[in-house]
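# Commentary on secondary and tertiary structure
If you want the building blocks of each chain, they are given just below.
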Amino acid sequence: LFMQVAVVPPGCDELSAEINFAEFARMVSRACPLGDRNRAQLAVHFEEVTGRKDSQADFPEFLRLMSRLLKDNFANMQEHTRTAAERCSPKRSSRRHSIDRKS
């Protein structure tokens, strides 16, 4: 996901790729709702991790951001990602329902 939206600065290789806040917010919005309040909170997280306002996040910063969001359960992200994963995995979803029926 990161490399699909990341920008590689001129004269650098892919290891120097970065993502701006707008792209990061767009990526997060695919996993959980980003209304005005959540978007503002996301901007605070972005600035705290990158140490720069209205800047870019490199891949290690991106990983720290995602780890923080999941740990803090930002915008109920854990539930949204679990639900999305279950929709994408019909075997797991049907297996879970069959387990539930046995109990």
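Just so you know, these numbers come straight off a predicted model, no measurement behind them.

Bringing the pattern of salt bridges into the picture now. Counted according to the given criterion, the structure contains four salt bridges. Between Arg68 and Glu48 there is a salt bridge, with its nearest N and O atoms 2.6 Å apart. Of the two residues, Arg68 sits in helix H4 (residues 59-71) while Glu48 sits in helix H3 (residues 36-50), which places them 20 residues apart along the sequence. Overall, the relative accessible area of 26% leaves Arg68 in the partly exposed class. For Glu79, the salt bridge is made with Arg82, and the minimal N-O distance between the two is 2.6 Å. Of this pair, Glu79 and Arg82 both sit in helix H5 (residues 77-88), three residues apart, roughly one helical turn.

In this section: the side chain of Asn38. With respect to the secondary-structure elements, Asn38 resides in helix H3. Setting aside anything within four residues of it in sequence, one finds Asn38 in contact with Pro33, Phe74 and Ala75.

Turning our attention to the environment of Asn38. Owing to a relative accessible area of 13%, Asn38 belongs among the buried residues under this scheme. Considering only alpha carbons, one finds Asn38 and Ala75, 37 residues apart in sequence, at a separation of 6.7 Å. Among the polar contacts made by the side chain of Asn38, one reaches the main-chain carbonyl oxygen of Pro33 at a distance of 3.0 Å.

Looking now at the packing of H3 against H4. At a closest axis distance of 10 Å, the pairing of H3 and H4 adopts a crossing angle of 135°. Compared by their axis directions, H3 and H4 come out oblique. Between H3 and H4 the crossing geometry is right-handed. Taking contact as the criterion, the partners of Leu42, His45, Phe46, Glu48, Val49 and Thr50 in H3 are, on H4, Glu61, Arg64, Leu65, Arg68 and Leu69.

Here is what the cut-offs are and how they apply
Residues numbered from 1 in each chain as written. Predicted model: local features only at pLDDT ≥ 70, side-chain atom pairs only at ≥ 80, totals over all residues. Heavy atoms only, no water. Salt bridge = Lys/Arg side-chain N within 4 Å of Asp/Glu carboxyl O. Helix = DSSP H or I, 4+ residues; strand = E, 2+ residues; numbered from the N terminus. Buried < 20%, exposed > 50% of the residue type's maximum accessible area, 1.4 Å probe, protein only. Contact = heavy atoms within 4.5 Å. Polar contact = N/O pair within 3.5 Å; in protein donor to acceptor, adjacent residues only side chain to side chain. Axes fitted to C-alpha atoms, helices over the stretch in contact; angles between N-to-C directions. Parallel < 35°, antiparallel > 145°, perpendicular 65-115°, else oblique. Left-handed = near helix turned anticlockwise from the far one by under 90°.

Shape is all these values report; function is a separate question.
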